[in-house]
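Coordinate analysis (summary)
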Amino acid sequence: MIEKAIGILKSAKSLFVLTGAGISAESGIPTFRGADGLWKNYSATDLATPEAFKKDPALVWEWYHWRQNIISKADPNPAHYAVVDLEKKLERFLLLTQNVDNLHQRAGSKNVLEIHGNIFRTRCLICGEIADYQKPSEPANSTLPKCTCGGSLRPDVVWFGEAIPQDIWQNSLDFLSRADAALICGTSGIVWPAAAIPEIAKRGNTKTIEINLEPTAVSSIVDVSIQGKAGEILPKIVAALG
Ligand code: BJW
Ligand code: ZN
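Read on for an overview of the structure. In this text, all values refer to a predicted model and were calculated from it rather than measured experimentally.

Things to note about the coordination of the zinc ion (ligand 2)
Four donors placed tetrahedrally around a metal ideally meet at 109.5 degrees, and six donors placed octahedrally ideally meet at 90 or 180 degrees. Around the zinc ion (ligand 2), the protein contributes the donor atoms Cys124 (SG), Cys127 (SG), Cys147 (SG) and Cys149 (SG), at 2.3 to 2.4 Å from the metal centre. Coordination at the zinc ion (ligand 2) is tetrahedral, judged from the four donor atoms that bind it and the angles of 101 to 118° they form at the metal. In primary sequence terms, the donor set of the zinc ion (ligand 2) follows C-x2-C-x19-C-x1-C. Here Cys127 is found in the loop between β4 (117–124) and β5 (130–132), whereas its partner Cys149 is found in the loop between β5 and β6 (153–157), with 22 residues between them in sequence. Judged by its relative accessible area of 45%, Cys127 is partly exposed.

So this is what it looks like as structure tokens:
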């Protein structure tokens, strides 16, 4: 299977990459639907919604602070660095990540689009300003983040039921329509619209490769499905590309 993936990538000039939480798992960041995906018995579907934030912003912020803390202490892993190498090797390259953790950018990826936002940015519910996250001052952690206009701040991420940034989606589809290959790595493939990427790629005759620890919702759709750790498989593929 890995040989087939290498063959596809060797003959590709243009590569689209979609990543999910699994690519950051080896950096110690919990995935959403894995065994470590629950926080205080809440799942992502309980907390990553506008309704949850409206009902209990302190609880939702507590979850985000907990995750920000884990992510701040984490470093990119060999899978993130292999994706950087792929960007250097291919003539045209686009990385669409569902992750909000900045690890691709910290590893050195350049052409990255974030479909679900970024955990280190905030958005004001009143004036709409998007800014880098600032820890609330006194009393630390018990105050909810506030904008300079006085409005409440929320994480600048995309929750269930919210529209994804249309420019990012359109740019991704434009790139994908001209891509020779699409690599889908570390995502369960159940959250839309990112979950539609393998199907859209196939319809456009783009060769599709999946790397995941286990079979997923898209394994039967892709041309090649490789089971294993992204941090082990991706560097092997990059090494074989020369
Ligand atoms: C490894 C590994 C290793 C582990 N190596 N692999 C019914 C049908 C169809 C759609 C819907 C429906 N009901 C509702 C919807 C829509 C909904 C949706 O898709 N729901 C599904 C749950 C069914 N989608 C939305 O609401 C989206 N918006 C939308 O549709 O808008 C419509 C609209 C239009 C116009 C106006 C208004 C609305 C928005 C979705 C937003 C998702 N947001 C989150 C939170 C982001 C912020 C944050 O991080 O806090 O995004 S939820 C969460 O899931 C997060 C992730 O990006 C996303 C995907 O998860 P991911 O990355 O796949 O992680 P896991 O944990 O699921 O999988 C990890 C994988 O890694 C596993 O497969 C492991 O095996 C693997 N792995 N270690 C390789 N070492
Ligand atoms: Zn404001």
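A closer look at the site of ligand 1
Around ligand 1, 33 residues are found, and the nearest of them are Tyr64, Arg67, Thr187, Ser188 and Asn212. At a separation of 3.5 Å, an oxygen atom of ligand 1 approaches a polar backbone atom of Gly22. Measuring from an oxygen atom of ligand 1, one finds a backbone N or O atom of Trp192 at 2.7 Å. Relative to its unbound accessible area of 1,500 Å², ligand 1 is 74% covered by the protein chains. Among the elements of the structure, α2 (22–25) and α5 (57–73) are those that each provide at least two residues to the shell around ligand 1. If one sorts the elements of the shell around ligand 1 by residue count, α5 sits on top with three residues.

Topic: the nonpolar core
For soluble globular proteins, nonpolar side chains are generally found buried alongside one another. One finds Leu15, Leu86, Leu234 and Ile237 to be the most contacted residues of the largest nonpolar core, which totals 29 residues. Elements supplying a minimum of two residues to this core: α1 (2–10), β1 (14–19), α6 (78–89), β2 (92–97), β7 (181–185), β8 (207–212), β9 (224–227) and α10 (230–241). One finds Leu59, Trp61, Trp63 and Leu103 within the second-largest nonpolar core, a separate group that totals 20 residues.

Some remarks on the sheet that holds β5
Read across the open sheet, the three strands follow the order β5-β4-β6; overall the sheet is antiparallel. Both outer strands of the open sheet, β5 and β6, are each paired with one neighbouring strand and no more. The sheet shows a mean angle of 45° between the axes of neighbouring strands, direction not considered. Note: β4 against β5, three bridges, orientation antiparallel. Counterpart to Arg121 in the pairing with β5 is Asp132.

With respect to the packing of aromatic side chains
Evaluated as defined, the whole model comprises seven aromatic pairs. Consider the rings of Trp39 and Trp66, whose centres lie 6.3 Å apart with planes at 40°: the pair is tilted. Highlighted residues: Trp39 in the loop between α2 and α3 (44–47) and Trp66 in helix α5, separated in sequence by 27 residues. Under the relative-accessibility criterion, Trp66 is labelled partly exposed at 33%. Ring geometry for Tyr64 versus Trp159: centroids 6.4 Å apart, planes at 50°, classification tilted. Placement of Tyr64 in helix α5 and of Trp159 in the loop between β6 and α8 (166–177) is noted, with a sequence separation of 95 residues between them.

With respect to α5
Between its first and last C-alpha, α5 extends 24 Å over 17 residues, near the 24 Å set by a 1.5 Å rise per residue. Turning to α5, its buried residues number three or more, namely Leu59, Val60, Trp61, Trp63, Tyr64, His65, Arg67, Gln68 and Ile71. Those residues of α5 that are buried lie in contact with α3, α4 (50–55), α7 (103–107), β4 and β6.

How each quantity is defined
Residues numbered from 1 in each chain as written. Chains lettered and ligands numbered in written order. Predicted model: local features only at pLDDT ≥ 70, side-chain atom pairs only at ≥ 80, totals over all residues. Heavy atoms only, no water. Donors = N, O, S within 2.8 Å, 3.2 Å for Na, K, Ca; no water. Tetrahedral: all angles 85-135°; square planar, octahedral: opposite > 155°, others 65-115°. Helix = DSSP H or I, 4+ residues; strand = E, 2+ residues; numbered from the N terminus. Buried < 20%, exposed > 50% of the residue type's maximum accessible area, 1.4 Å probe, protein only. Near = heavy atom within 4 Å. Polar contact = N/O pair within 3.5 Å; in protein donor to acceptor, adjacent residues only side chain to side chain. Areas by Shrake-Rupley, 256 points an atom, 1.4 Å probe, with all protein chains shown as cover. Core = buried A, V, L, I, M, F, W, Y, C linked by side-chain atoms within 4.5 Å. Pairing = 2+ DSSP bridges. Axes fitted to C-alpha atoms, helices over the stretch in contact; angles between N-to-C directions. Phe/Tyr/Trp six-rings, centres within 6.5 Å; stacked < 30°, edge-to-face > 60°. Expected span 1.5 Å × (residues − 1). Contact = heavy atoms within 4.5 Å.

Everything listed here is a matter of geometry and, on its own, says nothing about what the molecule does.
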